[in-house]
Amino acid sequence: PPWNNMALRHALAYALDRETILKVYYEGLGRVAHTPIGTGWAHNPTIKVFELNAQKAKAKLAEAGYPNGIKADMHCVSTTSELRLCEIVQAQAATVGINLSIVPILATDQGRLTLSRVQLIRMTNWSPRADPEALLRILFYSKAQESRNHGYKNPEVDRLLDQAAPIYDIAKAKPIYDQVQRIVAEDGPYIYTIWRNDLVELDKKVQGFVLIHDLIVRIQPMWI
C-alpha cells in the first residue's frame, strides 16, 4: 500500500509528461517509453497505454479513493543526477495531487528496501536483452525469483510467456509478446518513461570496442 491500488498507479502514469522528462533531463537523447521493450524485433511502437492527461490522472486519483490528493514517499538514490530526475517527477505528480516526498537512500540499500516493502516507489532501469523472453520472464512471470519479480502476478501474463517461450519463429512469437507488453503496461507494476540512448565515451587509444545494446561493456577484446 498505497501502490497496490491500480487506479493510483494509473493516476501517476497519466500525470507524467514524458516529453518534458526527455527534453529536460535526457537532453533529447532517447525516446518516450510506454512498454518494457524499446528495441529489437519485439518492440512495438504502437502500444501507448498512458500519455500525459491531467484530467484522466485526477479522475483515476478520485477512483483510487484520494479525491483530495495523496502524500507518499519516493525513494531516490542520493546522487545529484537521480535526485534531479526525482524532482522533475515530483513536480509533475504534484500538479494532479500526488505529493511525493523525496527520501534519499544509498544505492546499496535499494534491493533490501524493495524486498522488505519499505521502499514503495523508486526510479529504476533495466537493460534490453536480445530475446524478450529473458527480460519479460524475470520481471513479470509469477514464479520468477522474488528479488526480480517483486511480487507481480498475472495468470494471463504467465500463460502467454509460457506460450511464447518455445516458439522460434519470431513472426509468430511477436503478437504474443505484444499482448504481454500491453497487459503489464496497463497493470502498471512499472511506469515507463524513457528509453534512453546508449552512449559510450572512448579514448582514441582504445581499440577493439564493440557496442552491444545491453548496457554491458565487454572488456576482453579491448586493448590500448
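Everything discussed here concerns the structure shown above.
None of the values given here were measured: they were computed from a predicted structure. (Residues numbered from 1 in each chain as written. Predicted model: local features only at pLDDT ≥ 70, side-chain atom pairs only at ≥ 80, totals over all residues. Heavy atoms only, no water.)

Regarding the overall build of the protein
Stage number 1. For the protein, the count of helices and strands is nine helices and four strands.
Stage number 2. Relative to the globule expectation of 17 Å for 224 residues, the C-alpha radius of gyration of the protein, 19 Å, shows essentially globular dimensions.
Stage number 3. Taking as baseline every contact in the protein between residues at least 6 positions apart, the subset at least 24 positions apart corresponds to 68%.
Stage number 4. Within the structure as shown, the protein displays about 12800 Å² of accessible surface, and the carbon and sulfur contribution to it stands at 55%.
Stage number 5. The averaged location of the 23 negative side-chain charges in the protein is 1 Å from the averaged location of its 26 positive side-chain charges. (Helix = DSSP H or I, 4+ residues; strand = E, 2+ residues; numbered from the N terminus. Rg over C-alpha atoms; globule rule 2.2 N^0.38 Å. Contact = heavy atoms within 4.5 Å. Areas by Shrake-Rupley, 256 points an atom, 1.4 Å probe, with all protein chains shown as cover. Lys, Arg positive; Asp, Glu negative; His and termini not counted. Charge placed at Lys NZ, Arg CZ, Asp CG, Glu CD.)

Quick word on the packing of helix α6 (residues 132-140) against helix α9 (residues 170-187)
Stage number 1. Interaxial distance between α6 and α9 falls to 12 Å at its minimum, and their mutual angle equals 35°. For the crossing formed where α6 meets α9, the hand is left-handed. Note on element contacts: α9 touches α6 through Y177, V180 and V184, opposite P132, E133, L136 and F140.
Stage number 2. Class assignment for the residues of the contact of α6 with α9 results in six nonpolar, no polar and one charged. (Axes fitted to C-alpha atoms, helices over the stretch in contact; angles between N-to-C directions. Left-handed = near helix turned anticlockwise from the far one by under 90°. Nonpolar A, V, L, I, M, F, W, Y, C, P; charged D, E, K, R; others polar.)

Let's talk about the environment of I21
Stage number 1. By secondary structure assignment, the location of I21 is in helix α2 (residues 18-25).
Stage number 2. Separated by 76 residues in the primary sequence, I21 and G97 place their C-alpha atoms 19 Å from one another.

Some remarks on a nonpolar patch on the surface
Stage number 1. Together, V200, L202 and L211 give the surface a local cluster of nonpolar side chains, amounting to about 230 Å² of exposed area.
Stage number 2. Within the element layout of this structure, V200 appears in the segment after β4 (194-196).
Stage number 3. Using a relative accessible area of 37% as the deciding quantity, one classes V200 as partly exposed. (Patch = residues over 30% accessible without salt bridge, like charges linked within 9 Å, V, L, I, M, F, W, Y side chains within 5 Å. Salt bridge = Lys/Arg side-chain N within 4 Å of Asp/Glu carboxyl O. Buried < 20%, exposed > 50% of the residue type's maximum accessible area, 1.4 Å probe, protein only.)

Some points on the pairing of strand β3 (residues 98-105)
Stage number 1. Two strands pair when backbone bridges link them, and strand β2 (residues 70-77) and β3 are joined in this way by eight bridges, in the parallel orientation. Its bridge partner lying in β3, V77 is registered against I105.
Stage number 2. Regarding the hand of the β-α-β motif, the stretch spanning β2, helix α4 (residues 80-94) and β3 is right-handed. (Pairing = 2+ DSSP bridges. Right-handed = clockwise from strand over helix to strand, strands pointing away.)

Focus on the nonpolar core
Stage number 1. Residues W3, M74, I98 and L100 are the most contacted members of the largest nonpolar core, which totals 36 residues.
Stage number 2. Counting only elements with at least two residues in this core, the list comes to α1 (6-15), α2, α3 (54-63), β2, α4 and β3.
Stage number 3. Counting residues per element, this core draws most heavily on α1, which supplies seven residues. (Core = buried A, V, L, I, M, F, W, Y, C linked by side-chain atoms within 4.5 Å.)

Regarding the packing of α2 against α4
Stage number 1. Contact geometry for α2 and α4: axes closest at 11 Å, N-to-C directions at 150°. Taken together, the axis directions place α2 and α4 in an arrangement best described as roughly antiparallel. Crossing handedness for the pair α2 and α4: right-handed. In contact with T20, I21, V24 and Y25 of α2, α4 contributes S81, E82, R84, L85, I88, V89 and Q92. (Parallel < 35°, antiparallel > 145°, perpendicular 65-115°, else oblique.)

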